[in-house]
Amino acid sequence: MKLFLYVDRESVVHRLHPVTKIVALPLLFGAALRLDDLAPLVVAALVVLVVAAASRSLDAVAGMGSLLVTLFVATTLVWGLFDPARGLVHGHADRAGVEHAAALGLRLSAMVALGIVFLATTRVEDFAYGLRSLGLPYRVAFALTLAFRLVPTFVASGRAVAEAQRARGLDLDHGGPVSRMRRYIPLLVPMFLTAVRRADRLAAALETRGFGSGEGRTDLIEHRFAARDVAAVALVALLVVLAWRGGALVSVEGIRAASDGAMVWLRGSLAHLRGER
Amino acid sequence: MSAVLEVRGLRFAYRGTDREVLRGIDLTIRLGEAVGIVGASGAGKTTLLRCANGLIPGFFPGQLTGEVRLAGESPAAVGVARASRHAGMVFQDFEAQLFSTNTALEVAFGAESFGVPRDEIARRITECLARVGLAGFEKREPATLSGGEKQRLAIASVLAVRPKLVLLDEPTTDLDPIGKQEVHAILREILCDGTAVAVIEHETEELLDLGRVLHLDGGAVAADGPPSISLAGAATLAARGVEPPVLALAAEALGVVEIPTVAALVARFEGMRVRSRPLRAQTPAAGQRSVQRGGAAVIEVDRLVHRYPLRDRPSVDEVSFSIGRGEFVALLGANGSGKTTLAKHLNGLLRPTSGRVRVSGEDTARTGTAALARQVGYVFQDPDHQIFSATVAEEMAFGPRNLGCPPDEIDQRIAAALEVVGLTEERDRDPFVLTKGQRQRLAVASVLATAPQVLVLDEPTTGLDFNDRRRMLGLLADLHRRGHTVLAVTHAMELVASHCERALVLADGKLVFDGAVPELFRNQEVLERARLKPPAAWRLGRELGIEALTPEDLTAALHEAVARPAGVVS
């Protein structure tokens, strides 16, 4: 069974320096959060698809299709119904309300899809490498990426627990919400205990392979900043600026945000170059 | 050669318990030396290894006295991470020790931790992967490897640190017979470059050609020496919960103290007429109920195909068979051959991609797992994936309650099932304080409480010591006698040889054999294709020119040959 989202392929996005990707992701998220009308968000979703295609990870995104669709539908429904300003339950039934709800649904799905592209093109080791290049200590960088290593194994053991209890006649599909909640106990107890045990064993395995030995750590992987990183950052900056739309091009706020982003990236690359020497 | 591990007067009790797991161990392991460690569960084997690399007291605190020196340092003082430069450890659970995106990075991790230069790491990756037969696997994700490959990767990732001592805690438990053999072959090779090896192993057969076997009993050294001596004395070993090697049993049949080599044993019987005893599975009574002979089919699998999403080939591929009421069938095959995938169709946990599975005539795709639980009990490999209750009895009540069984009947069923698995006295205890063997039997009992006709067991004997394994096998035989249909998914060929009437063998998802167990053992082509190996008794029997399914078959034949006057050919 495959446990990571990472797809081992050659693409320009795979080859980007992890720092570039780590900096680009929140910037693009920020840009998406600036948008709340349907038309620009459709464009933003298309941009995500183009990035996915360029990184040859369309299939990874499609593999999470059900999650993306669920997020879209749920968000659209919740906003469409309960938005205090435009929601149906508050007596507003107009096209603008529905469009707004769909826009927010699309925004969330597009952001998650972008996250999937990031994980599909970046190994956890590259992720940790990038965080270290940005100046985080190795232990902290490793701990942050540990979640990505653990989640898939938790999912796998969660599945095993569910199968074991279903085989003993556990039925989660029928009954009222309270009795259904109670029926989750046979799942939660073993899931929690196996998760704790797994984490414990992983910790032991890490230390028996010298993790935290106190000796200077070396890295097998190596990344260098290249022209494509400059191009990628320029592209991200352009998208961020575009997200502020027309007028924002000349606004102080937009320029400052863009230059802040550039500075973060620059500082990261400088720190990295210093580390090289 | 100089000592890499020195242990003097070691005693240890885990925190929160009074029981000393180790009670005064003295042990020296030298460079280039291989030590097999045997003993019943609870004898202190794992605890001893944990003391050697500092996991005790670093990870598992408690009361430790005595002295441990690893390459001259105290592992407790330097800590696990630094001690691991000298002593690498391979765990039984191959999932939890692999955490990297690909095998190259997995092997690199240890060397990176110790600051080995990049080009040297790259050299070691190539070298260590080649050592364990995984050359060319550099870019594979560890999770996509088979069980045997994962365990060999774990060994490679430890070797890349270039430790002086490699500790292995039951590394072959979950592996198919050939996978076990491959791991042990690698261990023999490691020794050649001066590395020492200490390996805990329940299968004593695998240790016979090792230099030294340490037998722990109740936290003390019961025997320590060449296996021909420390694994001799079959009766004593069995009494202490260690499976005697078949050669030891044969030696005892001859009245010899030391375990002979196979060649010596064969020479001893040269010219004598050793005759096979009638094989159990061929006696007419056994196969009577099987479908081929007209019994009622309880499980019918018809051209079953199962394909997981994103896989290029199906995991179960056009498999057809049926199982008659009351049969005891083994489902065999290499790690990753599709056994568990197939078994999960029998209670509807998985739905066929195409084809059909019927239980008592009902299509499992339509019935649903919860309803099928009345007919098919499925015992999973890891009991800890299902245990959640505060007492044994409550745990067992879960299944029947789900099926709407009235309370007084639940109580009766619990009492009956506890009796069958021998846990009556633990009825009100907390399942989490039970031993591994007891928890495994609790898992069987909690499935029995749903009163299913068919029992499917996934690796029922894995990870159990000799005593618990015998108890589990006795339990399965008992259930079979009571009329249950039993399907055991297993790598344990001893179980197959001593209990099953019929074997189904999968290779790459295809059914490559369906027939009587002795026929399978004679079929070299199927054995090779499915990475199977007949049990030790059968293999030794073949050397002597006879067929023996169990150690008892073999020793009885030897007794008979010895008892007959020399030179007389009847």
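Q: Could you give an account of unusual backbone geometry, naming the residues involved and the relevant values?
A: Across the chain, the bulk of peptide bonds are trans and the bulk of non-glycine residues have phi less than zero. Across the junction of Ile56(B) and Pro57(B), the peptide omega takes the value 5°, indicating a cis bond. Locating Pro57(B) in the fold gives a position in helix α2 (residues 55–58). Not every positive phi belongs to a glycine, and Arg56(A) is a case in point at roughly 55°. Considering the arrangement of structural elements, one finds Arg56(A) in the loop between α3 (38–54) and α4 (58–63).

Q: Any details on the interface of chain A and chain B? Residues and values, ideally.
A: Residue-level contacts link 49 residues of chain A with 57 residues of chain B. Those elements giving two or more residues to the side of chain A that touches chain B turn out to be α7 (124–133), α8 (138–166) and α10 (185–207) of chain A. The dominant element in the side of chain A that touches chain B, judged by the number of residues it contributes, is α10(A), at 12 residues. Residue composition of the side of chain A that touches chain B, grouped by class: 20 nonpolar, 12 polar and 17 charged.

Q: Hey, could you go over helix α25 (residues 551–563) of chain B for me, with residue numbers and the actual values?
A: Residue and element names in this part refer to chain B. Between its terminal C-alpha atoms α25 stretches 18 Å, which fits the 18 Å expected from 13 residues at 1.5 Å a residue. For α25, the complete set of buried residues consists of Pro551, Asp553, Leu554, Thr555, Ala557 and Leu558. Contacts made by the buried residues of α25 are with α11 (246–254) and α24 (536–543).

Q: Talk me through helix α20 (residues 466–481) of chain B; I want residue IDs and the actual numbers.
A: Residues and elements named next belong to chain B. Spanning 16 residues, α20 covers 22 Å between terminal C-alpha atoms, matching the ideal 22 Å at 1.5 Å per step. Three or more residues of α20 are buried, namely Phe466, Asp468, Arg469, Met472, Leu476 and Leu479. Taken end-on, α20 shows its buried residues confined to a sector of 165°, consistent with a single buried face. Residues of α20 that are exposed and point more than 90 degrees away from the buried face comprise Gly474, Asp478 and Arg481.

Q: So what's going on with the sheet that holds strand β8 (residues 212–217) of chain B? Which residues, and what values?
A: Residues and elements named next belong to chain B. Taken in spatial order, the 6 strands make up an open sheet running β5-β6-β7-β3-β8-β9, and their pairing is mixed. Since the sheet does not close on itself, it has two edges, and those belong to β5 (87–90) and β9 (220–225), each with one partner. Between one strand and the next, the sheet's axes are offset by a mean angle of 20°, whatever the strand orientation. As judged from the 4 bridges shared by strand β3 (residues 34–38) and strand β7 (residues 196–200), these two strands associate in the parallel manner.

Q: Quick one: what's the story with the pairing of strand β18 (residues 502–507) of chain B, residue by residue and with numbers?
A: Residues and elements named next belong to chain B. Burial within β18 is extensive, with 6 of its 6 residues counted as buried. Alternating positions in β18 separate into two faces, Arg502, Leu504 and Leu506 on one and Ala503, Val505 and Ala507 on the other, with burial throughout. Here strand β12 (residues 328–333) pairs with β18 via 5 bridges, running parallel. Paired with Leu331 across the two strands is Leu504, which belongs to β18. Strand direction decides the pairing type here: β18 and strand β19 (residues 510–516), joined by 6 bridges, are antiparallel. In the sheet register, Ala507 faces β19, and the bridge partner there is Lys510. Connecting β18 to the antiparallel partner β19 that follows it, the hairpin turn spans 2 residues, and Asp508 within it adopts a positive phi of roughly 50°.

Cut-off values and rules
Residues numbered from 1 in each chain as written. Chains lettered and ligands numbered in written order. Predicted model: local features only at pLDDT ≥ 70, side-chain atom pairs only at ≥ 80, totals over all residues. Helix = DSSP H or I, 4+ residues; strand = E, 2+ residues; numbered from the N terminus. Contact = placed C-beta atoms within 7 Å. Nonpolar A, V, L, I, M, F, W, Y, C, P; charged D, E, K, R; others polar. Expected span 1.5 Å × (residues − 1). Buried ≥ 20, exposed ≤ 12 C-beta atoms within 10 Å, placed from the backbone. Arc of directions from axis to C-beta. Pairing = 2+ DSSP bridges. Axes fitted to C-alpha atoms, helices over the stretch in contact; angles between N-to-C directions.

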